[in-house]
Amino acid sequence: MPDPFALEIVGLEKRYGDRIAVRGLDLRLRPGEVHGLLGPNGAGKTTLMRMVLGLVRADAGTVRVLGRPGGAEAGAVPDGVAGFVDTPQFYPYLSGRANLRLVSRLDGGLAPAGTPAIAEALDQAGLTAHADAKVRGYSAGMRQRLGLAAALLRNPRLLLLDEPTHSLDPAGARDLRARVRTLAAEGVAVLWSSHDLAEVEELCSSLTIVHEGRVVFAGAMADLAAQAPDVVHRLRTSDDARALEIEGATVAPAADGDGLDVSAPPELAGSLDAYMLGLGRAGIAVRSLERRKRSLETLFLELTSGEASRAADVTHDAIVTKREAAREGTKPAKAAFAPADGASLRGAIACAKLETAKLAAQLRTWTILFACLAGPFAFAAAMRLQSSLPEDTLFGRSVKASGFAVPLVVLGFAASWAVPALASVASGDLFASEDRYGTWPTILARSRTRGDVFAGKLLVAMAFSAAAVTMLAAASVLAGVLVIGTQPLLGLSGAELAPARAMALVGAAWASVLPAALAFTALAVALSVATRSSAAGIGLPVLVGFAMQLVSMLDLPGVARQLLLTPPLVAWHGLFAEPAFHGPLIEGSAISGAYLVACLAAASRTVRARDAGG
Amino acid sequence: MRRLDPTLTLAGAAVIALVFVAVRHRPEGVTAARIEEALAPTFGNLVNLQRSRLGLPEIGSGVLQAAAQCQKAGATARASRGAGEWTCTLRWSSPGQRLALRDTYDLSVTPDGCFAATADGSEAHLGGPTIKARDGTSLTNLLYRFEGCFDTTGR
């Protein structure tokens, strides 16, 4: 039998330290229903939304979406589920359209047929006119529209919208509500979070009111209206004391001393009229009569007061309880702490494509690659023009005698700072930039697991580091050969190396630093993840490289030297001896591998365990 | 079957790699013997390369018989080890010379096993930074200052 609920939440709990953000919360939502999630700021609405989308891990309880496990337990957000929390964030250096193109890659071919095209989604969200502008120029309202477009791309059957109109102008809010009504009419279940009762009253057929993480009311709008107190009017007369004695309505002095509060039960519509006529007959002049509170608002304020919160368990009994849920076969279970968030090849590749597109869209990427290409030519030209030689560097005395010495001198210089810098410049930013832009929820609320996202970013980080080092190597060789020439190279045992052999050894030397470069990349990833700071992710590995370089120049005991990551960057020297020796290369590769896996294990664990945007 | 936690698998691999590195035979790094074993043949190769550039015939290793004896600056022969400044004496033979030649080099040795050797006051045998070829052109003297590397990790 198909699951009757588009969303079913049972006993959901979330704690942040000592603070309980959501406590034992139950909620059910049927297809085609627009359900309001109402509560004051800090009530737990957004945390609830985050748990449903799997951005935040629940401490207890279960989430089922469209008949399948949902939340963090599901690993990726199931197809047909979409939404956003807070003000949705996107990559500011890309246009709205480009952002949608990127995030839709995270849905891949998994999105069901009939998914509206990006242009259609932009049109539905009312953003077509600004689709090609950079997101950095968007207002909060435009970002909300873009968030809606991103959600619509998933062809949702369950749509979660967290205060979606709070940054929209009145016309935009009206259009969005109309759009949501249309979606609901098509069978889409909508969970609409808001702190605006009037908005929920206008749009939603049912609602859940939460306060301090608890449900204080759940049911149909009509049920809430039935519980609402009488409408209160503020009355000011020429003689308030005598007005208190007139019969026909419940009258009491206002608590603030400014006039009288008059209430009349809604079923007795004429009682207020009778009371006013009574005032006239008594010769009491009415100076003002104004409706002070809407009845639902009064009830809402009562429900979300401290008193109501303490009595919440009573109200809670009126809705689906854990006991009832158990009876109906949806027994709440302790939330899973080993979610299915592993990586798949397909998912990792999809995420890698997204990261590649992001890198390609950034000027910084091309500047770095250009520097890798141009730098060696500038160096070779300077060497040719200068009379002095970099004699303190290995092969420095040979830079004018053989073009093959140029890439080796560049490698000698690069080992101390350029390789760590190239290794970290992209990788140190790939993870932290999601924190900086607030885009973790944007990419995790799609069809890819955290493992996919981690693997995709890692693939691109490693590929970029390897590509940058390879480009620097190739440019150095080209610069040496074109500017100086292909003369034989004097090796490190006093023998001349023929051009072909010199070329092969130069290639091997540069290749030998790749393991250490990838280890620095992994270090940058780990630091970027741990600190959530791009500056730390990029800068600290370079500083670590410098520090290790300084330490490695000391005459340390062998084991201490072995634990450094910089000796592998100079382990290629043995290739140019006769006979060649490979001990430092083997040791260097082993220590690089150890750094690599240790850093990646730490980073992977942190990314998988961390709440996103929570 | 229970699946392996990839994180733990990676961490385990890292530990294995570290253990592999740690248990490898740990050599004593920069030693006099290693410098001597690298310096003498490098010098021999450079002698012949220099002769080749000067249009002179090669000297066989049996004739050259280059041998080095090195000591770290400020240390006794027994305590000579580690990176820093070293002094090496090279003995070698040249065709037509009845007695072995003896030259001194100052070496700057780095912890990774590379050195830069500079001739110390032996211009009579080795010449200065540059030398003259037969045709009068000036050439870099390969024997005045040269560099080399040796394995600090092997047996």
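Residues numbered from 1 in each chain as written. Chains lettered and ligands numbered in written order. Predicted model: local features only at pLDDT ≥ 70, side-chain atom pairs only at ≥ 80, totals over all residues.

Here we look at the overall build of chain B
Scanning chain B from N- to C-terminus turns up four helices and seven strands. Going from the N terminus to the C terminus, chain B shows its helices and strands as α-α-α-β-β-β-β-α-β-β-β. Out of the 155 residues belonging to chain B, those deemed buried represent 34%. (Helix = DSSP H or I, 4+ residues; strand = E, 2+ residues; numbered from the N terminus. Buried ≥ 20, exposed ≤ 12 C-beta atoms within 10 Å, placed from the backbone.)

A closer look at the overall build of chain A
Along chain A, the regular secondary structure elements total 26 helices and 16 strands. Split into buried and exposed, the 614 residues of chain A put 52% on the buried side. Nonlocal contacts in chain A, meaning residues at least 24 apart in sequence, comprise 76% of its contacts between residues at least 6 apart. (Contact = placed C-beta atoms within 7 Å.)

Some points on the environment of Ser194 of chain A
Residue and element names in this part refer to chain A. Mapping Ser194 onto the fold places it in strand β8 (residues 189-194). Under the C-beta neighbour-count criterion, Ser194 is labelled buried, with 22 such atoms within 10 Å. Each C-alpha atom, one on Ser194 and one on Ser604, is 35 Å from the other, the two residues being 410 residues apart in sequence. With near-sequence residues (within four places) excluded, Ser194 lies in contact with Gly36, Leu38, Glu163, Glu199 and Val200.

Considering the sheet that holds strand β4 (residues 60-65) of chain A
All names here are of chain A. Sheet architecture is open: four strands sit in the order β2-β1-β4-β5, paired in antiparallel fashion. Looking at strand neighbours, the two that pair on one side only are β2 (19-29) and β5 (68-69), the edges of this open sheet. Pairing analysis gives five bridges linking strand β1 (residues 7-16) to β4, with the strands arranged antiparallel. For Val10, the partnering residue across the bridge sits in β4 and is Thr62. (Pairing = 2+ DSSP bridges.)

Details of the domain arrangement of chain A
Quite often, the size of an interface is put as the accessible area lost when its parts meet. Domain annotation of chain A identifies domain 1 (229-295) and domain 2 (345-609). Placing the centre of domain 1 of chain A and that of domain 2 of chain A at their C-alpha centroids yields a distance of 81 Å. (Domains from an automatic or database assignment.)

Quick word on unusual backbone geometry
Residue and element names in this part refer to chain A. Cis rather than trans, the peptide bond between Glu578 and Pro579 has omega equal to 0°. Secondary-structure assignment places Pro579 in the loop between α25 (558-562) and α26 (583-609). For Leu66, which is not a glycine, the phi torsion comes out positive at approximately 50°. Tracing the backbone through its elements, the reader meets Leu66 in the loop between β4 and β5. If you check the backbone angles, Asn155 has positive phi at about 50° while not being a glycine. Examined against the element boundaries, Asn155 turns out to sit in the loop between α4 (140-152) and β7 (158-162).

Re the packing of helix α16 (residues 405-416) of chain A against helix α21 (residues 450-484) of chain A
Residue and element names in this part refer to chain A. Axis separation between α16 and α21 bottoms out at 7 Å; the angle between their running directions is 140°. Between α16 and α21, the angle falls in the class oblique. In terms of crossing hand, the pair formed by α16 and α21 is right-handed. Where α16 approaches α21, its residues Ala405, Val406, Pro407, Val410 and Ala414 are matched on the opposing element by Leu472, Ala473, Ser476, Val477, Ala479, Gly480 and Ile484. Among the residues making up the contact of α16 with α21, the classes are represented as ten nonpolar, two polar and no charged. (Axes fitted to C-alpha atoms, helices over the stretch in contact; angles between N-to-C directions. Parallel < 35°, antiparallel > 145°, perpendicular 65-115°, else oblique. Left-handed = near helix turned anticlockwise from the far one by under 90°. Nonpolar A, V, L, I, M, F, W, Y, C, P; charged D, E, K, R; others polar.)

So, the confidence of the model for chain B
When the pLDDT values of chain B are averaged, the result is 82; 81% of them are 70 or greater. Across the predicted assembly, pTM comes out at 0.82 and ipTM at 0.88. (pLDDT = per-residue confidence, 0-100.)

Some remarks on the sheet that holds β7 of chain A
Residues and elements named next belong to chain A. Ordered by their spatial adjacency, six strands build an open sheet running β6-β7-β8-β3-β9-β10, and the pairing between neighbours is mixed. In the strand order of this sheet, the two ends are held by β6 (81-84) and β10 (214-220), each with one partner. Strand after strand, the sheet turns through a mean of 15° between neighbouring axes, direction not considered. The sheet strands contacting helix α1 (residues 45-52) are β3 (34-38), β6, β7, β8 and β9 (206-211), and the helix crosses β7 at an angle near 145°.

Quick notes on the nonpolar core
Leu7, Ala149, Val419, Val513, Val525 and Cys599 of chain A together with Ile35 of chain B are the most contacted members of the largest nonpolar core, which has 218 residues in total. Counting residues per element, this core draws most heavily on α21 of chain A, which supplies 17 residues. If we ignore the near neighbours within four places in the chain, the residues touching Val525 of chain A are Ser427, Phe431, Leu458, Ala461, Cys599, Leu600 and Ala603 of chain A. (Core = buried A, V, L, I, M, F, W, Y, C linked by C-beta atoms within 7 Å.)

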